[in-house]
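Below are the chains, spelled out letter by letter.
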Amino acid sequence: MAGIAESGRSWVSLERTWVIQGLAWLAALLFVAGVILLAGASPLQVAASMWQGAFGTEAQFGRVLATLAPLVLCCCGLVFTFVAGLYNLGIEGQMVVGAIAATFLVRLEAGWLPPSLVITLALLAGILGGAGWGLLAGILNVWGRVNEIFAGLGLNFVAQGWVLYLIFGPWKRPGVASMSGTELLDPRLWLPTWGRSEASPVALLLALLALALTVLVVRNTRFGLQLRAVGKNPVAAFRLGIPATRRLLMAFACCGGLAGLAGALQVLALFHRLIPNISSNLGFLALLVVMLAGFNPLLILPIAFFFSSLNIGSLQLPLSLQLESSLAGVIQGSLVLFVLLAQGISRRYFLGKG
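### Digging into the overall build of the chain
Moving on, step 1. Check the secondary structure of the chain and you find 14 helices and 0 strands.
Moving on, step 2. Its helices and strands in sequence order give the chain the pattern α-α-α-α-α-α-α-α-α-α-α-α-α-α, from N to C terminus.
Moving on, step 3. The globule rule puts the C-alpha radius of gyration for 354 residues at 20 Å, and the 22 Å found for the chain is close to it.
Moving on, step 4. Each principal axis of the C-alpha atoms in the chain carries an extent, and together these give about 75 × 60 × 35 Å.
Moving on, step 5. Per-residue burial over the chain gives 47% buried out of 354 residues.
Moving on, step 6. Considering only contacts in the chain between residues 6 or more positions apart, those separated by 24 or more positions represent 77%.
Moving on, step 7. Accessible area for the chain stands at about 17,300 Å²; split by element, carbon and sulfur atoms hold 69% of it.

Structure follows, in structure tokens:
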């Protein structure tokens, strides 16, 4: 009887939690609607304009999917570090280094290798470059006693400085150094796209495979269980025989590898060159997605698709309503803020974790 009563209380707490989460989403949307009204526009007009900007044409929908693939990869990587109790703000730098590594390998290609092999090697180079940069952040954190937030942010600046040096230095376009980036890659080394859109089926397939692998590893393997144990209490995990230090470093490497793959796809599938803003701030956007998903990999795809649609759809706002496209950031930030607040209230008052 006690067990039944306890189960009943758990279901009630869970239902209350879902109600609070729903109210949080509603509060965020009302807040955004208020901001839009203050800007002198209609929320319905803004929603219609953003929908048209994201799904109005094949090319616009292709941009949504082109943004979705690297965003999902970055989210998958962050799941590993978040589960291990780490806040890896260095994911932007890991994405940039992955793009640099992929570009470096493509530039080494002398023309006698099959394009498919060069593309595969470039993707692997991106994974290795990002994993190495992530591992460096882990080493600074584990053995250098540098907080992972500061280590990651510092390495972001280094990576960004590196990419600017290459674009304006050794890899500059012949006769000119330009913010538009390096020389375009050989079209043979561009990943194929659907029709005339920017969406690459290869990039989307890689992102979906990474998501499936992340769900499998984090939820159904010994490694995932150990990561969760380390994230809950690294000292207790170590005393139970779990190699906590090794698992933390592996979490950084996994995150960096997936972010590096995202950076390589930015080069090979979207921009076809190395540009200063090669990451397009997708690493930081992925942080919002994962926090909104509550570190649950099963929720990553729908939320990432929603955020990607907001990003692309907002580009229509200056054209149709004379509003800033940065409104998408207001919507995304508000959703995360209100949902995190709701999660805190749920844990404190309904789940007994306050």
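Resuming the write-up.
### Regarding the side chain of serine 314
Moving on, step 1. Its location among the elements puts serine 314 in the loop between helix H12 (300–313) and helix H13 (317–320).
Moving on, step 2. Setting aside anything within four residues of it in sequence, one finds serine 314 in contact with Met50, Ser325 and Ala328.

### Some points on helix H6 (residues 148–168)
Moving on, step 1. Compared with the 30 Å implied by 1.5 Å per residue over 21 residues, the 30 Å span of H6 between its first and last C-alpha is a close match.
Moving on, step 2. Every buried residue belonging to H6 is among Glu148, Ala151, Gly152, Leu155, Asn156, Ala159, Val163, Leu166 and Ile167, and all of these are buried. Seen end-on, H6 carries its buried residues on one side only, within an arc spanning 140°. Facing away from the buried side of H6 by more than 90 degrees, the exposed set consists of Phe150, Phe157 and Tyr165.
Moving on, step 3. Capping of H6 at its N-terminal end is provided by asparagine 147; its side-chain oxygen lies 2.8 Å from the backbone amide nitrogen of isoleucine 149.

### Description of the confidence of the model for the chain
Moving on, step 1. Of all residues in the chain, 91% have pLDDT values of 70 or greater, and the mean over the chain is 86.
Moving on, step 2. In the model, residues 1–12 has pLDDT below 50 throughout and makes 0 contacts with residues more than four positions away in sequence or in other chains.

### A few points about the nonpolar core
Moving on, step 1. Counting 102 residues, the largest nonpolar core has Val46, Leu73, Leu78, Leu268, Leu274 and Phe307 as the members making the most contacts within it.
Moving on, step 2. In terms of residue count, the dominant contributor to this core is helix H10 (residues 244–271) (15 residues).
Moving on, step 3. Discounting residues that sit within four places of it in the chain, leucine 274 has contacts with Ala99, Ile100, Thr103, Val163, Ile167, Trp171, Gly181, Thr182 and Val267.

### Re the environment of glutamine 322
Moving on, step 1. Relative to the assigned elements, glutamine 322 resides in the loop between H13 and helix H14 (327–349).
Moving on, step 2. A relative accessible area of 63% places glutamine 322 in the exposed class.
Moving on, step 3. Each C-alpha atom of the pair glutamine 322 and glutamine 52 lies 15 Å from the other, and the pair is 270 residues apart in sequence.

### Here we look at the side chain of glutamate 148
Moving on, step 1. Mapped onto the fold, glutamate 148 is located in helix H6.
Moving on, step 2. The buried charged residue glutamate 148 lacks any salt bridge, with arginine 145 as its nearest oppositely charged partner at 10 Å.
Moving on, step 3. Within the local environment of glutamate 148, its side chain forms a polar contact with the backbone nitrogen of tyrosine 87, the two atoms lying 3.1 Å apart.
Moving on, step 4. With sequence-adjacent residues up to four places away left out, glutamate 148 is seen in contact with Gly85, Leu86, Tyr87, Asn141 and Phe252.

### Comments concerning the packing of helix H2 (residues 43–55) against H12
Moving on, step 1. Close contact between H2 and H12 brings their axes to 7 Å; oriented N to C, the two are set at 100°. Judged by the angle between their axes, H2 and H12 are roughly perpendicular. The residues of H12 that touch H2, namely those facing Ser49, Met50, Gly53, Ala54 and Phe55, are Phe305, Ser309, Leu310, Ile312 and Gly313.
Moving on, step 2. Counted by class, the contact of H2 with H12 contains 6 nonpolar, 4 polar and no charged residues.

How each quantity is defined
- All chains use their own residue numbering, which begins from 1 and follows the written sequence.
- In keeping with the model being predicted, local features are shown solely for residues with a pLDDT of at least 70 and side-chain atom pairs are shown and tallied solely at 80 or more, while totals for entire chains, interfaces and linings include all residues.
- With hydrogens and water set aside, each side-chain value is computed from the structure's full complement of heavy atoms.
- Numbering of helices and strands runs from the N terminus; a helix is a DSSP stretch of H or I covering at least four residues, while a strand is a stretch of E covering at least two.
- Restricting the calculation to C-alpha atoms gives the radius of gyration, and the globule rule supplies 2.2 Å times the number of residues raised to the power 0.38.
- When a residue's accessible area, from a 1.4 Å probe over protein chains only, is under 20% of the maximum for its type it is buried; when over 50% it is exposed; and in between it is partly exposed.
- A contact between two residues is defined here by any heavy atoms of the two lying within 4.5 Å.
- Computed with a 1.4 Å probe, the accessible areas rest on the Shrake-Rupley method; for each residue, only the protein chains presented here act as cover.
- A helix is expected to reach a length of 1.5 Å times the quantity of its residues less one.
- The arc under discussion is defined with respect to the helix axis, by the directions toward the C-beta atoms.
- Here a polar contact is recorded for every N or O atom pair within 3.5 Å, except that within protein the pair must consist of a potential hydrogen donor and a potential acceptor, and residues adjacent in sequence are included only if both atoms are side-chain atoms.
- Residue-level confidence of the predictor is summarised by pLDDT, bounded by 0 at the bottom and 100 at the top.
- Buried Ala, Val, Leu, Ile, Met, Phe, Trp, Tyr and Cys residues form a nonpolar core when they are joined through side-chain atoms within 4.5 Å.
- Residues counted as positive are Lys and Arg, residues counted as negative are Asp and Glu, and His and the chain ends are not counted.
- By definition here, a salt bridge exists when the distance from a side-chain nitrogen of Lys or Arg to a carboxyl oxygen of Asp or Glu is within 4 Å.
- Fitted lines through C-alpha atoms give the axes, limited to the stretch in contact for helices. The angle between two N-to-C directions lies from 0 to 180 degrees.
- Each angle gets one of four labels, with under 35 degrees taken as roughly parallel, over 145 as roughly antiparallel, 65 to 115 as roughly perpendicular, and the rest as oblique.
- Polar here means any residue other than Ala, Val, Leu, Ile, Met, Phe, Trp, Tyr, Cys and Pro, which are nonpolar, and Asp, Glu, Lys and Arg, which are charged; Gly is therefore polar.

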